[in-house]
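What follows is each chain in one-letter form.
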Amino acid sequence: MKLRIAIITLVLGFMSCNNAPKQNTVVDSKTKIEKTEGKYKYWKWIAVGDKESESSIEKRFSILKENGIDAILINTNADPKTLSKAAPIANKLGLEVHAWMFTTNRPGDSIAQQHPDWYMVSRSGKSCFVKEERPYVGYYQWLSPSHPEARKHILSLVEGLAKVEGVTSVHLDYIRYPDVYLPVGLLPKYDLKQEEELPDYDFDYSDASVEKFMALHHKDPRKMENPAIDIEWKNFRLNEIRSLVNEAYEVVHKHDKKLSAAVFPYPEMADHMVRQRWDKWNIDMVLPMIYYNFYNEELDWIGYATKQGVQDLEGKATQLHTGLYTPKLTPEDLKKAIQMAKDNGANGIAFFDDGKMTEEQFEIIKNSKE
């Protein structure tokens, strides 16, 4: 959230149960993903610090359970030890636990920071390793999925969380490239116009990425006059994220866990903005962040974007749970947004409140389940 400990998209700050549902399982023959139909699930992103007491954690989790939340996406900075402390408390209260982690964007990662060559590089030659050269905000520290050691590191973090008892899924946040296009509602904050792919925001021109691409396609994107129109170069980056997700899927399923992810509003939009074509992934659940105000859209866009994602997933067993940004939703608009997501095929709703959920909003959430 939206750093969700900070925030999922760039608010850049911009821009991840007690009554078991009736099981109606559908299995995709290629991906072996199962889909559960039945209970409409409510999720919430939440952070837990390594020094937070068990009593404090239980108090916060209890409030969520009492107000209709079924599943919590817990950010522990990918620390299995902290997650192991929080998960049993949530399980005892009847809450599903999903281990939320920052994936290709790894701010403050002490292991990665020992390896400058692991980081993405822009078309203008700026590295995400260098503080002064990061796009948009200081916590944009993106690892290249094309660097074998960086990828191995990311997957080791995934596996560490997947091993924790009581976890339902590992939840991938920032599973993409940096924003080649920001949500239009955020552009004024940075005094930007993005009417084309600008060199400072077009990634990944690191040695690892370029060399891997050249081995496949025998051309150098650094020497292209207009790399934005080269379909192989774009597709290469889509596939780098796709293959990383698919590897993570195998890792978590090896430990009898599921894979979920926070993604941009619908696949075509995610493709355009952040090289993220999530309808082509092997994944159990996606939580598209349909934050309509970031895009200067009206409330009914929540229904539109939900429906688009559901249609793009047709034929797959991946569940879609609409993500809502509650600080910009009045109680009445929250009620409408929840209904729009339901009416357009979502399996549930994920709430990000940036620590500002009101009693009135909680009441709407709780009453909407009845």
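Please refer to the structure higher up on the page.
Scope of this entry: the structure provided in the associated data block. Computed from a predicted model, the values in this text were never measured in an experiment. (Residues numbered from 1 in each chain as written. Predicted model: local features only at pLDDT ≥ 70, side-chain atom pairs only at ≥ 80, totals over all residues. Heavy atoms only, no water.)

## Quick look at helix α2 (residues 80-92)
Since the α-helix turns once every 3.6 residues, residues separated by three or four places project in the same direction.
Reasoning step 1: Taking 1.5 Å of rise per residue, 13 residues should cover 18 Å, and α2 covers 18 Å from first to last C-alpha, within 8% of that figure.
Reasoning step 2: Among the residues of α2, those classed as buried are Thr 82, Leu 83, Ala 86, Ala 87, Ile 89 and Ala 90.
Reasoning step 3: Packing partners of the buried residues in α2 comprise α1 (54-66), β6 (71-75), β7 (96-102) and α3 (148-162).
Reasoning step 4: Structurally, the start of α2 carries an N-cap: the backbone nitrogen of Lys 81 is 3.0 Å from a side-chain oxygen of Asp 79.
Reasoning step 5: Looking one or two residues beyond α2, the residue adopting positive phi is Gly 94, at roughly 90°. (Helix = DSSP H or I, 4+ residues; strand = E, 2+ residues; numbered from the N terminus. Expected span 1.5 Å × (residues − 1). Buried < 20%, exposed > 50% of the residue type's maximum accessible area, 1.4 Å probe, protein only. Contact = heavy atoms within 4.5 Å. Polar contact = N/O pair within 3.5 Å; in protein donor to acceptor, adjacent residues only side chain to side chain.)

## Here's the deal with α1
Reasoning step 1: Counted at 1.5 Å a residue, the expected span for α1 with its 13 residues is 18 Å, and the 18 Å between its end C-alpha atoms agrees.
Reasoning step 2: Looking only at α1, the buried set comprises Ile 57, Phe 61, Ser 62 and Leu 64. For α1, the angular spread of buried residues about the axis comes to 160°, placing them on one side. Facing away from the buried side of α1 by more than 90 degrees, the exposed set consists of Ser 55, Lys 59 and Glu 66.
Reasoning step 3: Structurally, α1 contributes buried residues whose contacts are with β5 (41-47), β6, α2 and α9 (359-368).
Reasoning step 4: Immediately beyond the C-terminal end of α1, within one or two residues, lies Gly 68, with a positive phi of roughly 95°. (Arc of directions from axis to C-beta.)

## Things to note about the environment of Ala 78
Reasoning step 1: Tracing the backbone through its elements, the reader meets Ala 78 in the loop between β6 and α2.
Reasoning step 2: With a relative accessible area of 10%, Ala 78 lands in the buried category.
Reasoning step 3: Sequence separation between Ala 78 and Asp 109 is 31 residues; the distance between their C-alpha atoms is 9.9 Å.
Reasoning step 4: Beyond its immediate stretch of four places on either side in the chain, Ala 78 contacts Met 101, Arg 106, Leu 157 and Leu 161.

## Structural notes on the packing of aromatic side chains
Reasoning step 1: Within this structure, the stated rule accounts for 23 aromatic pairs.
Reasoning step 2: Measuring from ring centre to ring centre gives 5.8 Å for Trp 233 and Phe 236, while their planes differ by 10°; the resulting arrangement is stacked. Of this pair, Trp 233 and Phe 236 both sit in helix α5 (residues 231-254), three residues apart, which is roughly one turn of that helix. Across the pair, Phe 236 and Trp 233 agree in class, each one buried. (Phe/Tyr/Trp six-rings, centres within 6.5 Å; stacked < 30°, edge-to-face > 60°.)

## Comments concerning the sheet that holds strand β9 (residues 258-263)
Reasoning step 1: Pairing in this closed barrel of eight strands is parallel, and the strands run β5-β6-β7-β8-β9-β10-β11-β12 around the ring. Strand-to-strand twist in this sheet, taken as the mean axis angle between neighbours without regard to direction, amounts to 25°.
Reasoning step 2: Sheet topology note: the strand β10 (residues 285-288)/strand β11 (residues 319-325) ladder contains two bridges and is parallel. Opposite Met 285, over in β11, you have Gln 319 as the bridge partner. (Pairing = 2+ DSSP bridges. Axes fitted to C-alpha atoms, helices over the stretch in contact; angles between N-to-C directions.)

## A closer look at the pattern of salt bridges
Reasoning step 1: Here the structure, examined in full by the defined rule, presents 25 salt bridges.
Reasoning step 2: A salt bridge links Glu 240 to Arg 151; its shortest N-O distance comes to 4.0 Å. Taken together, the residues Glu 240 in helix α5 and Arg 151 in helix α3 connect sequence positions 89 residues apart.
Reasoning step 3: Residue Glu 240 is classed as buried on the basis of its relative accessible area, which comes to 5%.
Reasoning step 4: The class for Arg 151 is buried, based on a relative accessible area of 8%.
Reasoning step 5: Put simply, Asp 271 and Lys 234 hold a salt bridge, and the shortest N to O gap is 2.7 Å. Of the two residues, Asp 271 is situated in helix α6 (residues 267-274) and Lys 234 in helix α5; the sequence distance between them amounts to 37 residues.
Reasoning step 6: Judged by its relative accessible area of 10%, Asp 271 falls in the buried class.
Reasoning step 7: Take Lys 234: its relative accessible area is 23%, and that puts it in the partly exposed class. (Salt bridge = Lys/Arg side-chain N within 4 Å of Asp/Glu carboxyl O.)

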